[in-house]
Amino acid sequence: LVAYFGGLDLVTGRWDTPAHPLFDTQRTLHRGDFYNPCLGMRARGQSHCQICGPKGTPDMDIETMTCDSSGARLPWHDITTRFEGRLAHDLMVHFEDEWLKHGPKVSFVEIDDEDYDLDNPPGEEREVWECCILRNNPNPSNPTTSLKRRSTRRIRSRSLMGNQTNTEDVIQKFLLDKIKKAKKFIYVECPVLFRTKEPDGFTLNPILNEMISRIMVSVENRTEFTVFLVVPESYVHTSNMRLATDPDSDKMNLYHRDCINKMYSMIGNCISRHKGSADKRPTDYVQVYTLRNSGSSTPYKLKEHDHNIRSEMIFVHSQIVIIDDEHLILGTPTHHSQMASKEYEVAVALSQPHHSMVMNGALPMGQIAKFRLSLWLEHTGDTQTAWADPSSRECRERLRFIAQVNRSNQERGLMMESHLLEYCKKVHKNGKTEFYDFKSCYHSFIK
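Residues numbered from 1 in each chain as written. Predicted model: local features only at pLDDT ≥ 70, side-chain atom pairs only at ≥ 80, totals over all residues. Heavy atoms only, no water.

A. Seen up close, the side chain of N406. Looking at the secondary structure, you find N406 in helix α6 (residues 393-411). With residues up to four places along the chain from it excluded, the contact list for N406 reads M416, E417, S418, H419, L420 and L421. (Helix = DSSP H or I, 4+ residues; strand = E, 2+ residues; numbered from the N terminus. Contact = heavy atoms within 4.5 Å.)

Shown next as structure tokens:
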């Protein structure tokens, strides 16, 4: 029994490779699958379609899904996980629950231990994993009968509908507990940083707030600890599949900036209160990155533009949290409590009991660490011994150097060496943050 989790949005332009090409695969691997709202394209002969834009924008061939002006495709970074055995069965039950709640009533095939050896799936000898599914159920008062058949350890997160205060949010509680116990680093990839409205402004959501609390402990104790955030350079509205007219006024982009500015401000204030940390800066504790790629459009003989090298943001759609290379949480990393009463969410928490932090504080080198290193190789194009300890000064400085070189090349119209760029233009010691003008996200032509 096999199940796939995450990264399965069956819409235009989502399939991609780790290289995130802009032009080279438009007429091969990505033929018929072109999508880029940054270009404001509309389909030829169509007044409205999935990849529509204002009238007068470059036409799109609706049959081949290629652009007359040969613009860059929008790269898409996402993560899919394959599960076998009992956890696959648990994910199947989750799917059945969703279908029975929102779709037509059907009878599903019963699968149990007599049909499949769920505890010993076929294949080569595998390492031991501990896995559990975390779920949001906005209506726990009406469970489906299929839940009675679950046979593995499952953590369910429930949030009652309406204004009732008797709510339980296990996904959030699970993340808060792991963040509080983190020892060296937290690595997060997510498309959205949520905030919580308050009468006099806003506060960080509980997940980000707990990260800052953990950082403050490190500032007070003068220990090394770093949070790495990888977010999109500009948000793509997945509901209508297009970018806002003005990214600087777009709500989600403002959320990102508000959250990042708030985080750095809180860390800056904490550093200023502790004289023993005078040599520290907020970026020693939180580093925010984004992804972008560059490519040459020369093979496609541009009709309207004579720039050969272009860059385009890579939209970060993955949702993962890695803590100390010991815990991996897939799905809803910056869980939005205000949405818990409106929609289902599901996350999977993974760990390897034989690969945990040892007494001397060394990070484990199991499959979770190898997965993180493979992500960093994709983002940075580099393998460094410094990557083994993300909390080290050497690692932080090397990542920043790579990101700064890429940003410099992108601004000068040169080919970037890899995908990683700094999200913030400058972070002052007091936490005040300056941001880049992200209106350039709407133009893949480098000037």
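B. Seen up close, the packing of aromatic side chains. All told, the structure shown has seven aromatic pairs when counted by the stated rule. Taken together, a centroid distance of 6.0 Å and an interplanar angle of 40 degrees make the contact between F95 and W99 tilted. Within this pair, F95 and its partner W99 are both found in helix α1 (residues 86-102), separated by four residues, close to a single helical turn. Judged by its relative accessible area of 35%, W99 is partly exposed. Taken together, a centroid distance of 5.8 Å and an interplanar angle of 65 degrees make the contact between Y187 and W376 edge-to-face. (Phe/Tyr/Trp six-rings, centres within 6.5 Å; stacked < 30°, edge-to-face > 60°. Buried < 20%, exposed > 50% of the residue type's maximum accessible area, 1.4 Å probe, protein only.)

C. The arrangement of the packing of helix α2 (residues 170-180) against helix α3 (residues 206-221) in detail. One can describe the packing of α2 onto α3 by two numbers: an axis separation of 9 Å at closest approach and a directional angle of 10 degrees. Here α2 is positioned roughly parallel relative to α3, judged by the angle of their axes. Between α2 and α3 lies a crossing whose hand is right-handed. Across the interface between the two elements, Q172, L175, L176, I179 and K180 of α2 pack against P206, I207, E210, M211 and R214 of α3. (Axes fitted to C-alpha atoms, helices over the stretch in contact; angles between N-to-C directions. Parallel < 35°, antiparallel > 145°, perpendicular 65-115°, else oblique. Left-handed = near helix turned anticlockwise from the far one by under 90°.)

D. Here's a closer look at the nonpolar core. Residues I186 and I215 are the most contacted members of the largest nonpolar core, which totals 44 residues. Once residues lying within four places of it in the same chain are set aside, the contact partners of I186 are I179, M211, F225, T226, V227, F228, V321, I322 and I323. Counting 35 residues, the second largest nonpolar core, distinct from the first, contains I322, W376, C395 and L420. (Core = buried A, V, L, I, M, F, W, Y, C linked by side-chain atoms within 4.5 Å.)

E. Quick look at the side chain of S418. Of note, S418 is situated in the loop between α6 and β19 (420-422). We classify S418 as buried; its relative accessible area is 8%. Looking at S418, its side chain comes within polar contact range of the main-chain oxygen of T380, at 3.1 Å. Side chain to side chain, S418 and N406 meet in a polar contact 2.8 Å long. If sequence neighbours within four positions are ignored, S418 has contacts with R292, H379, T380, G381, I402 and N406. (Polar contact = N/O pair within 3.5 Å; in protein donor to acceptor, adjacent residues only side chain to side chain.)

F. View of unusual backbone geometry. A positive phi is found at R222, a non-glycine position, where the angle reads about 55 degrees. Looking at the secondary structure, you find R222 in the loop between α3 and β12 (226-230). Positive phi, normally seen in glycine, also occurs at D325, with a value near 55 degrees. Summarising the element assignment, D325 is placed in the loop between β16 (320-323) and β17 (327-330). The buried category is assigned to D325, whose relative accessible area is 2%.

G. Seen up close, the pattern of salt bridges. For the structure on display, the rule yields 14 salt bridges. A salt bridge links R396 to E224; its shortest N-O distance comes to 3.0 Å. Of the two residues, R396 sits in helix α6 while E224 sits in the loop between α3 and β12, which places them 172 residues apart along the sequence. Across the salt bridge formed by E397 and R393, the nearest N and O atoms sit 2.8 Å from each other. Of the two residues, E397 and R393 are both situated in helix α6; the distance of four residues between them amounts to about one turn of the helix. Accessibility expressed as a relative area gives 54% for R393, which makes it exposed. Through salt bridges with shared partners, a single ionic network connects E224, K280, D284 and R396. (Salt bridge = Lys/Arg side-chain N within 4 Å of Asp/Glu carboxyl O.)

H. The arrangement of the environment of G361 in detail. Relative to the helices and strands, G361 resides in the loop between β18 (345-351) and α5 (367-380). For the pair G361 and K184, spaced 177 residues apart in the sequence, the C-alpha separation amounts to 8.7 Å.

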